[in-house]
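So the chains spell out like this:
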Amino acid sequence: MQKWFSAHPNYVEAGDRVRHWDYDHECYVTLEVKKVCTKTFLVLKYDNKMDKYRSVYIPHDKLGIVPREVTNTSDTPNLLQNISMVWKKLAEKSEDSGYFTHRAGFYFIYNSKLWFLYAPGYREGHYLPYVETIHQNLLAIGATSVVFDEGDLD
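Residues numbered from 1 in each chain as written. Predicted model: local features only at pLDDT ≥ 70, side-chain atom pairs only at ≥ 80, totals over all residues. Heavy atoms only, no water.

### Observations regarding the overall build of the chain
Scanning the chain from terminus to terminus reveals three helices and twelve strands. Dimensions of the chain, computed from the C-alpha atoms along their principal axes, are close to 55 × 35 × 25 Å. Expressed as a percentage of the 154 residues in the chain, the buried residues total 39%. For the chain, the proportion of contacts with a sequence separation of at least 24, taken over those separated by at least 6, is 57%. A total accessible area of about 9400 Å² is found for the chain, and carbon and sulfur atoms account for 50% of it. With 18 positive and 20 negative side-chain charges, the chain shows a spacing of 8 Å between the two charge centroids. (Helix = DSSP H or I, 4+ residues; strand = E, 2+ residues; numbered from the N terminus. Buried < 20%, exposed > 50% of the residue type's maximum accessible area, 1.4 Å probe, protein only. Contact = heavy atoms within 4.5 Å. Areas by Shrake-Rupley, 256 points an atom, 1.4 Å probe, with all protein chains shown as cover. Lys, Arg positive; Asp, Glu negative; His and termini not counted. Charge placed at Lys NZ, Arg CZ, Asp CG, Glu CD.)

Have a look at this one:
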């Protein structure tokens, strides 16, 4: 299960995705931020009764930020892509052992946005020897609040 974080006005902008508890469906849903307000976010919500999307204000403390994922696409900064590739190359040299994990990686803030960098491979032996190296690389490019999540053991 993907983690989510308390919303912080400085880390959220229009177009970002946030999570909100939907009482009708009794689960968390992902919503798109349409406008940032000092007290609330104006987000886009699907209304089953009207069968269309509508804007709705939801207080900051009722939302969570969904991290952006580091990928090889143009919406990921080059420095983050480079660190991801370095970790992948280091992991290729490691042994295929250790526990099987799901969604291990780093959560961090870069350019006032929350990011998630997947650990390469699903076995701990691939990525654990290089966690400190990647942690230092993220700090070196200006990332803050860098936290490694061991993910879920399978």
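### A short note on the sheet that holds strand β1 (residues 5-6)
Spatial ordering of the open sheet is given by β1-β6-β2-β3-β4-β5, a layout of six strands whose pairing is antiparallel. The open sheet has two edge strands, β1 and β5 (52-59), and neither has a second partner. Here six bridges tie strand β2 (residues 17-22) to strand β3 (residues 27-36), and the two strands are oriented antiparallel to one another. Paired with Asp22 across the two strands is Cys27, which belongs to β3. (Pairing = 2+ DSSP bridges.)

### A word on the sheet that holds strand β11 (residues 144-149)
For sheets, the rule is that strands pair by backbone hydrogen bonds, running either parallel or antiparallel. Within the open sheet, the four strands sit side by side as β7-β10-β9-β11. Their pairing is mixed. This sheet does not close on itself; its edge strands, each paired only once, are β7 (68-69) and β11. One ladder, built from two bridges, connects β7 with strand β10 (residues 113-118); its direction is parallel. In the strand pairing of β10, Glu69 is matched with Phe116. Against the sheet, helix α1 (residues 78-92) touches β9 (105-110), β10 and β11, its axis set at about 20° to β10. The strands touched by helix α3 (residues 131-140) within the sheet are β9, β10 and β11, with β9 carrying the most contacts at an inclination of about 10°. (Axes fitted to C-alpha atoms, helices over the stretch in contact; angles between N-to-C directions.)

### Examining the pairing of β10
Bridge count between β9 and β10: six bridges; the pairing is antiparallel. Along β10, the bridge assignment pairs Gly105 with Tyr118. Taking the residues that link successive antiparallel strands as the turn, the β9-β10 hairpin has two residues, and the phi of Asn111 there is positive, at about 50°.

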